[in-house]
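Spelled out, the chains give:
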Amino acid sequence: MKKIRNFCVIAHIDHGKSTLSDRLLERTQTISQRDMKNQALDDMDIERERGITIKSHAIQMYYKHTDGETYTYNLIDTPGHVDFSYEVSRSIAACEGALLLVDASQGVQAQTISNLYLAIEHDLEIIPILNKVDMESAMVEEMSDQIIDLIGCDKEDIILASGKTGIGIEDILSAIVDRIPAPKGDPKEPLQALIFDSMFNSFRGVIAYFRIINGVINKGDDIRFVNTGKVYSADEIGILQLNQVPKNRLEAGNVGYVITGIKESKEIKVGDTITQDKNPCQSAIQGFEEVKPMVFAGIYPIDNDDFEDLRDSLEKLQLNDASLVFEPETSIALGFGFRCGFLGMLHLEIIQERLSREFDQEVITTVPNVSYNAYTKRDEHLIINTPADLPEPTLLDRVEEPYIKAQIITKPEYIGAIMTLCMEKRGELLNQTYLTTERVELSFDLPLAEIVFDFYDRLKSITRGYASFDYAPTDYRASDLVKLDIKLNGDSVDALSSLVHRTKADSFGRQICKRLKELLPRQQFMIAIQAAIGAKIIARETISALRKDVTAKCYGGDITRKRKLLEKQKKGKKKMRQIGTVQVPQKAFLEVLKLGDNG
Amino acid sequence: MAGIYIHVPFCRQACHYCSFHFSTSLRLKEEMMSAMLIEMQQVENKPSMIDTIYFGGGTPSILSIEEIKLLMDQIYRHYEVSGDVEVTLEANPEDLSEDYVKGLRDLGVNRLSIGIQSFLEDDLQYMNRAHSAEQSLQAIEYALSGGIRDVSLDLMFGLIGSDQSAWRASLEQIIDLSPTHISCYNLTVEEQTAFAHWREKGQLQEVDENIQYEQYLMTHELLSSAGYDHYEISNYAKPGHRSRHNQSYWNSQPYIGIGPSAHSFNGERRSWNVANNAKYLKQIKEGQERESELLSPSDRYNEYIMLGLRTAKGIAKSQIDEFPKKMRESFDAVSARLLGQGVLKSSGDTIYLSPEQWYISDAISAELFWDAD
Ligand SMILES: Nc1nc2c(ncn2[C@@H]2O[C@H](COP(=O)(O)OP(=O)(O)O)[C@@H](O)[C@H]2O)c(=O)[nH]1
Ligand code: SF4
Ligand SMILES: [Mg+2]
């Protein structure tokens with residue numbers, strides 16, 4: 001155990017975590033040059049394309065130290081987006097140390113700070129690294145001061161590195177041995193292992209990644225998951241290199257995987273504790289939480305006949321993404337579909353994209369909403385995950401909406417713009433702290449509903465990208481909500497309904513109508529778009545009838561080409577949903593919320 | 001009954017809107033003539049009777065009377081040609097002289113289709129046409145007085161130079177000239193044309209769609225009341241003077257295409273020559289196969305819908321009954337909805353679009369199309 005080091009990397013998006021990880025893997029010859037694709041740890045297609053890490057992964061390396069000994073390193077990669085902060089916290093809990101990676105020209109960002117606090121809470125040893133020092137824009141002195149302010153280390157503790165050129169990689173590798181403590185557990189104690197991640201493999205079922213705190217695990221053991229109470233046989237255990245390497249036995253301190261034949265991710269919960277069924281540990285490892293979805297939206301097949309296929313696909317996605325929840329619902333406009341819960345908007349987009357890529361399911365996603373608490377006059381408590389469930393105003397006593405504490409780090413010159421944005425979003429400034437003269441941290445009290453949709457994009461645009469953002473849920477508070485309905489040619493489209501704060505209903509209604517006008521293709525007849533609260537119309541737009549869709553010439557040589565063109569046009573229409581008489585493109589439901597600047 | 005189409009792939013200069021296949025270099029003209037003569041002879045499974053002959057392009061009037069005679073003679077040598085064959089030749093105004101028209105008439109050309117496009121000098125320049133407005137008027141006079149049975153004049157609307165009153169004046173002028181046939185094309189910005197290029201760069205001035213639609217309606221009204229029958233989106237004819245050749249395309253009758261880019265159809269399979277002069281010459285020289293596609297039932301169904309909705313003839317329900325059940329059912333469902341919305345009209349066995357609705361016929365076709373996958 002003395003020769004094991006478990007650590008993670010804390011970094012803001014784009015500060016170079018994946019690149020640096022690649023260098024470490026290369027230098028320890030965990031991956032040969034030949035197998036090296038960039039960003040070896042990001043293996044979902046979407047991750048590679050978006051350049052972000054969605055699911056965390058782990059990998060084992062062997063490092064020959066100058067003291068002559070070979071050490072086992074377990075690098076636990078963590079997701080880099082607020083939507084996935086619970087997974088980050090579990091990964092951190094599996095480590096004794098963290099590499100704090102800060103881009104030498106960008107400096108400390110909100111994501112860095114929130115994850116750093118998590119790491120400090122878990123008593124991790126922090127190795128500060130100033131990355132990308134090869135860049136001309138690197139501001140080593142200034143950024144070093146920021147780091148010193150932040151964690152109170154000495155200047156000499158900061159390693160200057162570049163994942164690109166390889167500067168500092170050797171220093172990092174030896175600092176891991178020298179500074180990060182070896183794991184402390186006891187192999188003789190009853191087994192206690194923390195599940196920090198899980199993965200679904202269509203051949204092998206669910207693979208759980210764990211860190212053993214105490215005890216040992218052997219191939220074939222009957223193991224129990226403490227929080228779910230379920231018992232399984234450890235059919236295969238092993239360590240994680242670029243591929244899984246089966247072992248017969250793993251001891252306290254180490255990181256590994258277990259395959260039990262479980263077919264559904266739901267059964268394995270990140271944060272749960274694995275123990276021996278015969279000789280169980282006294283208590284579960286602390287910090288387990290059921291992940292709670294923050295954003296809800298309906299997902300519907302474009303063609304109603306595909307409902308069962310969609311259920312199938314969602315079930316398969318849930319196998320490897322336990323944070324996705326769903327239940328059947330019906331919409332008057334869209335027929336049968338599912339109300340799904342997501343960790344955030346990015347998570348929602350990822351699910352939609354994966355449905356399309358991995359299952360060839362083109363879906364319609366309805367206007368998303370957060371989860372509200374409603375109390376009726378008869379004092380019933382209802383959880384409202386869809387606008388349709390909100391009781392009639394006459395029956396309703398009150399509604400509560402979720403609030404968050406938002407943390408924004410930016411340059412002082414953008415404070416004004418950010419304040420304006422947050423006020424408009426019904427926010428309240430809680431605190432303003434200068435981290436350095438050039439960097440200020442603002443915290444706001446904000447309704448969650450106001451930040452899930454276009455907040456982040458707008459924040460980025462008003463600060464030209466010089467703001468980072470993180471949030472944590474706080475509580476539920478009474479709110480004056482109304483249900484805003486959208487009508488197309490007089491028919492209410494439930495899939496476009498939303499719950500909004502009364503003070504914002506008018507402007508929101510106008511914006512939605514305007515946006516729909518841009519999003520709906522013209523049709524053979526005029527389309528009236530209206531926003532209504534109850535019977536009262538608060539906004540309207542019209543789309544004039546389609547005038548021209550014709551080919552002037554169609555003679556012998558044009559027929560084949562023309563037919564093919566129209567066949568393509570037909571396929572485009574298939575991606576639309578007929579609501580009443582109106583064709584609505586699949587994308588419109590989500591796009592409608594990207595309201596632009598005064599939303 | 002079948003038609004022959006001969007594609008003459010040369011033009012004097014490239015019109016800015018044109019996406020047809022042509023070359024502005026006449027270098028390969030001799031070779032092209034020989035290749036087309038060979039191709040006429042080579043055609044397999046020649047139809048039993050040729051009913052229409054059509055010289056299109058490009059600019060067929062770039063050929064001399066002698067050259068056209070060679071082509072005509074070759075057709076008569078290798079095909080059975082009907083006694084009342086319709087022989088059309090597309091001509092540009094700058095090519096027409098009294099003698100040339102007479103020469104054509106003597107060769108049996110009984111239908112002359114002249115690319116006038118506009119009576120306005122500005123429009124002609126904007127389109128990069130090779131003739132002046134005056135040349136057009138001269139050419140029309142030669143044609144109308146030259147003993148050719150049918151004269152068709154092409155005009156274009158939706159041009160930036162013609163406002164509503166200018167377009168009305170053009171229509172009145174053409175009605176005065178009283179050709180037997182008029183084609184009025186709405187300017188379409190086709191891919192790979194100068195106009196498309198300018199549009200991409202945001203440099204193309206365009207006429208508002210509503211104005212174009214009004215011009216379309218104005219055309220329909222004025223020409224109809226002058227006794228022209230609006231029988232296809234862009235085509236108007238005095239009674240008995242429709243283009244037989246073009247109608248055969250819309251009725252899915254067989255045709256043989258000769259020359260680069262020309263398409264043939266034998267009732268089941270459509271085939272076409274490469275749209276490249278040098279490659280075409282090589283294809284003929286080496287006896288290479290043309291490209292082709294066998295029309296599946298859904299291809300034929302979609303073409304029937306698409307072509308039917310462009311013409312006064314419309315779609316015959318009895319014809320739809322010849323297609324597979326799934327297509328019939330889909331037709332019934334979608335057409336019922338469109339009839340209900342008043343977009344489609346029906347009368348007896350026929351389902352059709354009224355001329356006002358032809359202007360969105362592509363959108364309607366796409367709705368009625370069968371999606372094979
Ligand atoms: N100049 C320079 N660029 C780097 C360095 N490390 C990463 N990058 C670039 O920064 C971007 C983000 O890197 P990545 O490793 O994906 O960051 P992650 O989001 O933290 O995983 C990529 O374009 C990298 O090529 C470095 O040390 N120097
Ligand atoms: S419009 Fe006619 S003349 Fe002009 S380029 Fe096209 S084919 Fe040639
Ligand atoms: Mg990454």
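Residues numbered from 1 in each chain as written. Chains lettered and ligands numbered in written order. Predicted model: local features only at pLDDT ≥ 70, side-chain atom pairs only at ≥ 80, totals over all residues. Heavy atoms only, no water.

## What about the nonpolar core?
Nonpolar side chains in soluble globular proteins tend to be buried together.
Move 1: Of all hydrophobic cores here, the largest spans 122 residues; its most connected members are B:Ile6 and B:Leu112.
Move 2: Among the elements that line this core, the one with the most residues is helix α1 (residues 29-42) of chain B, at six residues. (Core = buried A, V, L, I, M, F, W, Y, C linked by side-chain atoms within 4.5 Å. Buried < 20%, exposed > 50% of the residue type's maximum accessible area, 1.4 Å probe, protein only. Helix = DSSP H or I, 4+ residues; strand = E, 2+ residues; numbered from the N terminus.)

## Some points on the sheet that holds strand β7 (residues 192-201) of chain A
All names here are of chain A.
Move 1: If you trace the eight strands from one edge of the open sheet to the other, you get β11-β10-β16-β7-β8-β15-β12-β13, paired in antiparallel fashion. Each edge of the open sheet carries a strand with a single partner, namely β11 (231-233) and β13 (244-247). Each adjacent strand pair in this sheet contributes to an overall mean axis angle of 40 degrees, direction not counted.
Move 2: Across four bridges, strand β12 (residues 236-240) lies against β13 in antiparallel orientation. The residue bridging glycine 238 from the neighbouring strand is proline 246, located in β13. (Pairing = 2+ DSSP bridges. Axes fitted to C-alpha atoms, helices over the stretch in contact; angles between N-to-C directions.)

## A short note on the environment of B:Leu307
Move 1: Of note, B:Leu307 is situated in helix α11 (residues 297-308).
Move 2: Dropping the residues within four chain positions of it, B:Leu307 is found in contact with A:Cys554, A:Ile559, B:Tyr249, B:Trp250 and B:Ser252. (Contact = heavy atoms within 4.5 Å.)

## Brief notes about the sheet that holds strand β18 (residues 325-331) of chain A
Residues and elements named next belong to chain A.
Move 1: Here four strands make up an open sheet; going across it, the order is β18-β19-β17-β20 and the pairing antiparallel. Each end of this open sheet is capped by a strand with a single partner; those strands are β18 and β20 (363-365). The average angle at which neighbouring strand axes cross in this sheet is 30 degrees, direction not considered.
Move 2: The pairing of strand β17 (residues 295-301) with β20 spans three bridges and is antiparallel. Looking at the pairing, proline 301 lines up with valine 363 of β20.

## Focus on the environment of A:Ile159
Residues and elements named next belong to chain A.
Move 1: Topologically, isoleucine 159 is positioned in strand β6 (residues 159-160).
Move 2: Sequence-wise, isoleucine 159 and isoleucine 127 are 32 residues apart; in three dimensions their C-alpha atoms are separated by 7.9 Å.
Move 3: With residues near it in sequence (within four places) discarded, isoleucine 159 still touches Ile127, Pro128, Ile129, Leu130, Gly168, Asp171, Ile172, Ala175 and Arg179.

## A word on the site of ligand 2
Move 1: Around ligand 2 sit B:Cys11, B:Gln13, B:Cys15, B:Tyr17, B:Cys18, B:Phe22, B:Gly58, B:Thr59, B:Asn92 and B:Arg129, and that is every residue in its neighbourhood.
Move 2: Here the shell around ligand 2 is built from residues that sort into five nonpolar, four polar and one charged. (Near = heavy atom within 4 Å. Nonpolar A, V, L, I, M, F, W, Y, C, P; charged D, E, K, R; others polar.)

## A short note on the interface of chain B and chain A
Move 1: Counting residues at the interface gives 44 residues for chain B, matched by 32 residues for chain A.
Move 2: Roughly 3,600 Å² of surface becomes buried between chain B and chain A when both sides are summed, with 52% attributable to carbon and sulfur atoms.
Move 3: In this structure, the connection of chain B to chain A is made through seven salt bridges.
Move 4: B:Glu303 is paired through a salt bridge with A:Arg563; the nearest N and O atoms lie 2.6 Å apart. (Buried area = accessible area lost by both parts, 1.4 Å probe. Salt bridge = Lys/Arg side-chain N within 4 Å of Asp/Glu carboxyl O.)

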